[in-house]
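Next come the chains, spelled out residue by residue.
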Amino acid sequence: MTGMRSWLIRRLLLGAGQTAAVVLLVFALTEALPGDAAVALAGDQPDPARISAIREAMHLDRPAVERLGAWAAGLLHGDLGNSLLSGRPVSSYLADGFGPTLLLAALTLLLLVPFAGGLGVLAARYEGRLVDRLISGVTLGVYAVPEFAFGVLLVTVVALHLGWLPPTAVGYGGDLLAHPAVLVLPVLVLLSRPVCSLARLVRAGMIDALAAPYIAQARRYGIPGVRIRYAHALPNALAPAAQQLARTVDWLLCGVIVVEALFVIPGLGTVLMNAVAERDVPVLQGLAVVFAGTAVVLNLAADTVVFRCTPRAGVAA
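## Some thoughts on the overall build of the chain
When helices and strands are tallied, the chain shows 13 helices and zero strands. Secondary structure elements of the chain, listed N to C terminal, follow the sequence α-α-α-α-α-α-α-α-α-α-α-α-α. Residues classed as buried in the chain amount to 41% of the 317 residues present. Long-range contacts, defined here as pairs at least 24 residues apart, represent 70% of the contacts in the chain between residues at least 6 apart. For the chain, the accessible surface area stands at approximately 16,800 Å², while carbon and sulfur atoms represent 68% of it.

Printed below as a string of structure tokens:
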């Protein structure tokens, strides 16, 4: 327990440092972009005097370090600040975009875990045979296709040519769950690559576990093959898959920008794109904190699972 506690403290401190580094990097990159929120508000043919007045009213004329310090001081009290353009709290932007992104992530995970796990176990069971080669070939081919290209293909064939499903979420309002047909194509695109990577990891882990001496001993004792595969081999094959699953959840919750842009879904990815286009630094900073914090928590959870399953892995962490 002492080793576990010290390891957890080290990882929490490392996560806090990573989150701070992400926020600083986002702020620096935003400052390096040409123009700012005052230019975006001034219109297509801005008057320099008007831009200067807007910049002064929005406190953009203050030094960057001073603005960052004021924002960080508010963050310590749970205040993510207000949008430069609308004046709305950043937390309201996050709340608006979190619902659609969470819905997509939840639906994707509900299908991802059983489907990828089943494919990986099936491929490992028939290692080297036709089923294994077929699953490995298909997953490798699908993984090589970018999400945007796969999404465009689905929209062109399934939505526009065949007319089976709506091509985008435009016109369906914010309640996507009330229109499940809108979610089919985005979820298929989100599933495409994670299923492939997770299935291949489960397959590799299962093959290694089934070749272990304790599995051979279990067979000699006459334990049924199903129990050997699912009660003994599978739990030991899940450590690398758990880490990949954590990265996938992080990728989903932090807003899949390409998918949300392609299907016009008002999630966190859309909020991020709008904030970049408008140079809305407080919204970008708030998103950076949420994204970085989510990544740290999920990876810490995955590493904890690995540490508990294989304690020696934590020695090097």
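After that view of the structure, there is still more to cover.
## Here we look at the pattern of salt bridges
Side-chain pairing between opposite charges can occur once the charged atoms of the two side chains come close. Overall, the coordinates contain three salt bridges when judged by the stated rule. Notably, a salt bridge pairs Arg88 with Asp96, separated by 2.7 Å at the nearest N-O pair. The partner of Asp132 in a salt bridge is Arg203, and the shortest N-O contact between them spans 2.7 Å. Highlighted residues: Asp132 in helix α6 (residues 130-143) and Arg203 in helix α8 (residues 181-210), separated in sequence by 71 residues.

## Overview of the nonpolar core
Membership of the largest hydrophobic core comes to 49 residues, with the highest contact counts inside it found for Leu176, Leu185, Met206 and Phe263. Elements represented by at least two residues in this core include exactly α5 (90-125), α7 (147-161), α8, α9 (213-220), α10 (225-253) and α13 (281-309). With 15 residues, α8 is the single largest residue contributor to this core. Among residues more than four places away in sequence, those in contact with Leu176 are Pro100, Leu103, Ala169, Val182, Leu183 and Ile265. If you look at the next biggest cluster of nonpolar residues, it comprises 12 residues, including Tyr93, Val271, Leu272 and Leu284.

## Considering the packing of aromatic side chains
Both the distance between ring centres and the angle between the ring planes are used here to describe each pair of aromatic rings. One pass over the structure, following the stated rule, counts zero aromatic pairs. The ring of Tyr93 is capped by Arg88, whose NZ or CZ atom sits 4.4 Å from the centre of that ring. Lying across the ring of Tyr143, Arg193 places its NZ or CZ 4.3 Å from the centre.

## A closer look at the packing of α5 against α6
As a packed pair, α5 and α6 sit with axes 7 Å apart at the nearest point and diverge in direction by 140°. Of the possible angle classes, the one that applies to α5 and α6 is oblique. Between α5 and α6 lies a crossing whose hand is left-handed. Here Leu119, Leu122 and Ala123 of α5 come into contact with α6, specifically with Val131, Asp132 and Ile135.

## Re a nonpolar patch on the surface
A surface patch of nonpolar side chains, about 420 Å² in accessible area, is lined by Leu153, Val157, Leu162 and Trp164. As for its placement among the helices and strands, Leu162 is situated in the loop between α7 and α8. With relative accessibility at 38%, the residue Leu162 sits in the partly exposed group.

## Remarks on the packing of α5 against α8
Running from amino to carboxyl end, α5 crosses α8 at an angle of 35°, the nearest separation of the two axes being 7 Å. Note that α5 runs across α8; the crossing there is right-handed. When the residues that make up the contact of α5 with α8 are grouped by side-chain class, the tally is 23 nonpolar, three polar and one charged.

## Structural notes on the confidence of the model for the chain
The share of residues in the chain with pLDDT of 70 or more is 86%, and the mean pLDDT across the chain is 79. Here residues 312-317 scores under 50 on pLDDT; set against residues more than four positions off or in separate chains, the count is six contacts.

## A word on unusual backbone geometry
The residue Val264 is not glycine, and still its phi comes out positive at about 55°. Mapping Val264 onto the fold places it in the loop between α11 (257-262) and α12 (268-277). We classify Val264 as partly exposed; its relative accessible area is 41%.

Calculation rules
What you see as residue numbers is a count from 1 along each chain, following the sequence as written. Side-chain atom pairs in this predicted model are given and counted only at pLDDT of 80 or more, local residue features only at pLDDT of at least 70, and totals for whole chains, interfaces and linings cover all residues. Side-chain measures were taken over the full set of non-hydrogen atoms in the model, leaving aside hydrogen atoms and water. Strands here are runs of E lasting at least two residues and helices are runs of H or I lasting at least four, both read from the DSSP assignment and numbered beginning at the N terminus. Using a 1.4 Å probe on the protein chains alone, a residue whose accessible area is under 20% of its type maximum counts as buried, one over 50% counts as exposed, and one in between counts as partly exposed. Pairs of residues are marked as contacts when any of their non-hydrogen atoms sit within 4.5 Å. Throughout, the Shrake-Rupley method with a 1.4 Å probe supplies accessible areas, and for residues the shown protein chains are the sole cover considered. Think of a salt bridge as a Lys or Arg side-chain nitrogen and an Asp or Glu carboxyl oxygen that are within 4 Å of each other. Buried residues of nine kinds, namely Ala, Val, Leu, Ile, Met, Phe, Trp, Tyr and Cys, make up a nonpolar core once their side-chain atoms join them within 4.5 Å. Centres within 6.5 Å make a pair out of two Phe, Tyr or Trp rings, where for Trp the six-membered ring is used; the pair is then stacked when the planes are under 30 degrees apart, edge-to-face when over 60, and tilted otherwise. Working rule: Lys NZ or Arg CZ, within 6 Å of ring centre, within 35 degrees of ring normal, means a charge sits over the ring. Between N-to-C directions, angles cover 0 to 180 degrees, with each direction set by a line fitted to C-alpha atoms, over the stretch in contact for helices. Oblique is the label for any angle not covered by the other classes, which are roughly parallel (under 35 degrees), roughly antiparallel (over 145) and roughly perpendicular (65 to 115). In this scheme the handedness of a crossing depends on how the near helix is turned from the far one: anticlockwise by less than a right angle means left-handed, clockwise means right-handed. Think of a patch as exposed residues, more than 30% relative accessible area, with no salt bridge, where like charges cluster within 9 Å and nonpolar side chains (Val, Leu, Ile, Met, Phe, Trp, Tyr) cluster within 5 Å. Only Asp, Glu, Lys and Arg are considered charged in this grouping, and only Ala, Val, Leu, Ile, Met, Phe, Trp, Tyr, Cys and Pro are considered nonpolar; every other residue, Gly among them, is considered polar. One confidence number per residue, pLDDT, is output by the predictor and ranges from 0 to 100.

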